[in-house]
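The lines below spell out each chain.
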Amino acid sequence: MLVAENTLVDGRYRLLRRVGSGGMADVWCAEDTQLGRRVALKMLHERFAQDREFVERFRREASSAAGLQHPNVVGVFDRGEFDGTYYIAMEYVEGSSLKDLIRRGMSVEEAVEVTRQVLAAARFAHSNGIIHRDLKPQNVLVDRDGRARVTDFGIARAGASEITQAGSVMGTAQYLSPEQAQGLPVTAASDLYSIGVLLYEALCGRVPFEGDSAVAVALKQVSEQPLPPSRINPSVPPALDAVVLKALAKDPANRFASADEFAAALDAAQVDPTTSPVRDTERFAPVPPPPPPEQPYEEGRRGWRWAILAILVLALAGLAVWALTRPADVTVPSVLGEQQNTATQILEAKGFDVDVEEFESDAPPGEVVEQDPRAGEEAEEGSTVTLSVSSGLGAAKVPDVAGQTERRATKALEGRGFVVETEEQFSTEVEAGLAIGTEPKAGSKLEGGSKVTLLVSKGANTVEVPGVVGLQQQIAENQLEAVDLIPNVETENSDQPEGTVVAQDPAAGSEIESGSQVTILVSTGAGSVIVPDVEGLFRDGAVRILTNHGLDVVFQEESVADPDDDGRVIDQAPAAGTRVRQGDTVSLVIGAFEEPSAEPQPVP
């Protein structure tokens with residue numbers, strides 16, 4: 001079977017790109033052409049397709065996970081056969097494995113939060129009678145929004161059945177519980193131990209027990225006590241130390257009774273970091289191996305001697321065969337930083353087999369970022385060296401972070417693999433400290449490592465309105481413009497000198513947005529009183545009208561020939577309709593009639 005990009009699997013799933021490769025299967029990002037959605041297609045390696053044990057394990061993974069519909073479990077949609085092998089169609093999770101996040105470094109809070117979600121998945125599985133048996137960071141995927149999902153139920157089984165098969169223990173040595181390492185019955189407490197190891201690694205950046213081989217690690221799981229996490233990471237508080245150590249108790253009876261109890265202890269440790277939320281945290285003594293079965297006393301000593309002698313002979317013979325036939329040890333070369341093809345050639349030249357695991361990383365695509373065994377260690381010729389190869393950060397969409405706090409928005413963007421730069425802007429619509437948006441905008445698709453500018457609100461840009469009443473127009477305008485306000489000038493007839501500001505809106509001391517308009521009323525200097533027309537009126541009436549308008553009155557008399565004009569206003573200054581200031585004087589001319597004198601009679 002040869003599959004490549006654009007291969008249509010089972011007439012339905014079109015392969016887009018390979019996202020991971022392990023010892024048992026490859027994982028592809030594929031398109032479900034029937035439903036138009038992305039899926040993760042896990043395809044069993046062809047060399048295992050004829051192995052009944054591996055096919056059964058693959059089938060078990062599909063059936064176990066398919067029955068677990070939970071937000072923290074990767075959903076299984078379909079399974080089938082294609083071109084001589086088997087596949088599982090699963091939910092496609094855009095994000096990273098927990099192992100990748102641990103490599104990058106996690107805070108105590110982040111480690112605890114992911115562990116809570118893994119416990120939620122374990123609780124649901126256990127309530128459905130399923131024990132995972134291989135919980136480890138590589139089997140926990142964290143999406144772009146921080147939601148963890150447990151995957152790979154390949155060796156999960158219902159109930160507390162044995163896990164030894166063909167004389168070997170299934171699982172990953174660094175995360176095996178002591179009872180798993182000894183081939184004893186496995187219960188839900190075994191998963192809780194593995195979650196304890198997972199939490200330990202997330203807090204410390206390393207597992208509690210390491211060794212040159214899986215057997216050496218398994219022996220330490222059974223016989224050695226772990227260092228408290230705070231000895232490696234001083235930021236781990238005492239209460240969390242106690243929670244981790246209880247989860248790693250050698251005896252299952254001394255661990256947490258359930259995932260709920262484990263989660264409750266984490267909550268209590270967060271509330272009070274200095275006080276241990278658990279008891280009996282010192283009960284971590286090595287677990288003794290199971291006692292050998294008793295032999296009947298009636299058997300003769302001679303039978304015992306022959307049996308022991310036979311065992312010794314067989315052991316010595318086996319040791320001799322092993323010593324003569326075992327492969328030579330070879331020093332593992334360093335291939336860190338090399339491209340995958342180059343690294344593979346170097347290792348194969350030394351006689352090693354190579355297994356490749358791809359994961360998203362900020363290292364260039366194809367570059368080896370980790371190897372197991374490490375450089376300089378001795379390993380048997382023909383053994384497998386596992387390479388962790390960067391697939392790059394990949395392309396991702398810019399998430400919509402509008403309205404989120406700066407810290408949460410930054411975390412969401414960095415979680416997608418973007419480099420975040422923050423820029424503050426004034427906003428009347430978004431509260432200070434919250435995200436306005438991003439540049440490029442949400443929904444834009446960018447390569448991992450691209451720069452995204454996070455726009456954060458500084459709140460409204462307000463200024464205090466200065467008082468400009470009584471100032472000349474130009475001075476008032478200058479003062480308003482100095483604080484980034486726009487003067488809007490209107491004129492008004494006023495008693496004030498021409499060009500004087502007689503009113504403003506908004507009032508002095510008001511807080512308004514920068515760039516707003518402020519209206520100022522400027523006097524035309526024309527005054528505020530219109531001189532009424534009093535010509536033809538009698539003097540007293542004219543004076544009364546003028547004084548009612550706030551004007552002073554002076555008058556003088558002038559002779560008139562018409563008796564009807566006597567005592568009436570025959571002229572006024574200023575003229576009627578003139579605008580004057582209140583208190584100004586109006587001069588009136590009052591007519592005065594005098595009888596004409598009799599002409600002298602001529603003397604006869």
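Refer to the structure presented above.
Residue positions within a chain follow its written sequence, with the count starting from 1. For a predicted model such as this one, the threshold for reporting local features is a pLDDT of at least 70, and the threshold for listing and counting side-chain atom pairs is 80 or more; totals across whole chains, interfaces and linings nevertheless cover every residue. The side-chain figures draw on all heavy atoms in the structure; neither hydrogens nor water molecules are used.

Draft legend 1. Inspection of the nonpolar core at higher detail. In this structure, Leu203, Leu240 and Phe262 are the most contacted members of the largest nonpolar core, which totals 50 residues. Residue assignment for this core shows that the elements contributing at least two residues are helix 2 (98-104), helix 3 (108-127), strand 9 (140-143), strand 10 (148-150), helix 5 (188-204), helix 8 (238-247) and helix 9 (259-271). The element best represented in this core is helix 5, accounting for 10 residues. Every residue pair with non-hydrogen atoms within 4.5 Å of one another is taken to be in contact. When residues no more than four places from it in sequence are discounted, the contact partners of Phe262 are Leu119, Leu192, Ile195, Gly196, Leu199, Val243, Ala247 and Phe256. We call a set of buried residues a nonpolar core when its members are Ala, Val, Leu, Ile, Met, Phe, Trp, Tyr or Cys and they connect through side-chain atoms within 4.5 Å of each other. Relative accessible area decides the class of each residue, using a 1.4 Å probe on protein chains only: under 20% of the type maximum gives buried, over 50% gives exposed, and in between gives partly exposed. Counting residues in hydrophobic clusters, the runner-up holds 13 residues, among them Ala396, Ala412, Leu413 and Leu446. Note on conventions: DSSP H or I runs of at least 4 residues are helices, E runs of at least 2 residues are strands, and numbering of each starts at the N terminus.

Draft legend 2. Here's a closer look at the pattern of salt bridges. Throughout this description, the term salt bridge denotes a Lys or Arg side-chain nitrogen within 4 Å of a carboxyl oxygen of Asp or Glu. Scanning the entire structure with this criterion turns up 18 salt bridges. With a closest N to O distance of 3.8 Å, Asp26 and Arg18 form a salt bridge. With a relative accessible area of 15%, Asp26 lands in the buried category. Asp143 is the salt-bridge partner of Arg149, the closest N and O atoms lying 2.9 Å from each other. Accessibility classification places Arg149 together with Asp143 in one group, the buried group.

Draft legend 3. Region of the structure containing the packing of helix 8 against helix 9. Each axis is a line fitted through C-alpha atoms, and for a helix only the stretch in contact is used; angles between axes span 0 to 180 degrees, taken between their N-to-C directions. Remark: helix 8 packs on helix 9, axes separated minimally by 8 Å, with the N-to-C direction vectors making an angle of 165°. For the element pair helix 8 / helix 9, the angle class is roughly antiparallel. Considering the relative orientation of helix 8 and helix 9, their crossing is left-handed. Contact residues: Ala239, Leu240, Val243, Lys246 and Ala247 in helix 8; Glu261, Phe262, Ala265, Leu266 and Ala269 in helix 9. Ten residue types, Ala, Val, Leu, Ile, Met, Phe, Trp, Tyr, Cys and Pro, are classed as nonpolar, four, Asp, Glu, Lys and Arg, as charged, and the remainder, Gly among them, as polar. Of the residues belonging to the contact of helix 8 with helix 9, the class tally is eight nonpolar, no polar and two charged. Roughly parallel means an angle under 35 degrees; roughly antiparallel, over 145; roughly perpendicular, 65 to 115; everything else is oblique. A clockwise turn of the near helix away from the far one marks a right-handed crossing, whereas an anticlockwise turn of less than a right angle marks a left-handed crossing.

Draft legend 4. Here's a closer look at the packing of aromatic side chains. Stacked, tilted and edge-to-face are the three classes assigned to paired rings of Phe, Tyr and Trp, where Trp is represented by its six-membered ring and a pair needs centres within 6.5 Å; plane angles under 30 degrees give stacked, over 60 edge-to-face, the rest tilted. Under the criterion given, the structure shown has two aromatic pairs. Ring plane angle 65° and centroid distance 5.8 Å describe the contact between Tyr13 and Tyr87, whose orientation is recorded as edge-to-face. Of the two residues, Tyr13 sits in strand 2 (residues 13-21) while Tyr87 sits in strand 6 (residues 85-91), which places them 74 residues apart along the sequence. Taken as a pair, Tyr13 and Tyr87 share a single burial class, namely buried. Between Phe256 and Phe262, the ring centres sit 4.7 Å apart and the planes meet at 15°, which makes this aromatic pair stacked. Of the two residues, Phe256 and Phe262, both sit in the buried class. Taking NZ or CZ as reference, Lys458 lies 4.0 Å from the ring centre of Phe426, over its face. Charge-over-ring contacts are defined here by two conditions on Lys NZ or Arg CZ: a distance within 6 Å of the ring centre and an angle within 35 degrees of the ring normal. Arg568 extends its terminal NZ or CZ atom over the ring of Phe538, reaching a point 4.0 Å from the ring centre.

Draft legend 5. A look at the packing of helix 5 against helix 9. Where helix 5 meets helix 9, the axes come as close as 11 Å, and the angle between the chain directions of the two elements is 30°. By the angle class used here, helix 5 and helix 9 are roughly parallel. Crossing geometry of helix 5 relative to helix 9 is assigned as right-handed. Of helix 9, the residues touching helix 5 (which contributes Leu192, Ile195, Gly196 and Leu199) are Ala259, Phe262 and Leu266.

Scope: geometric values only; no functional claims are made or implied.
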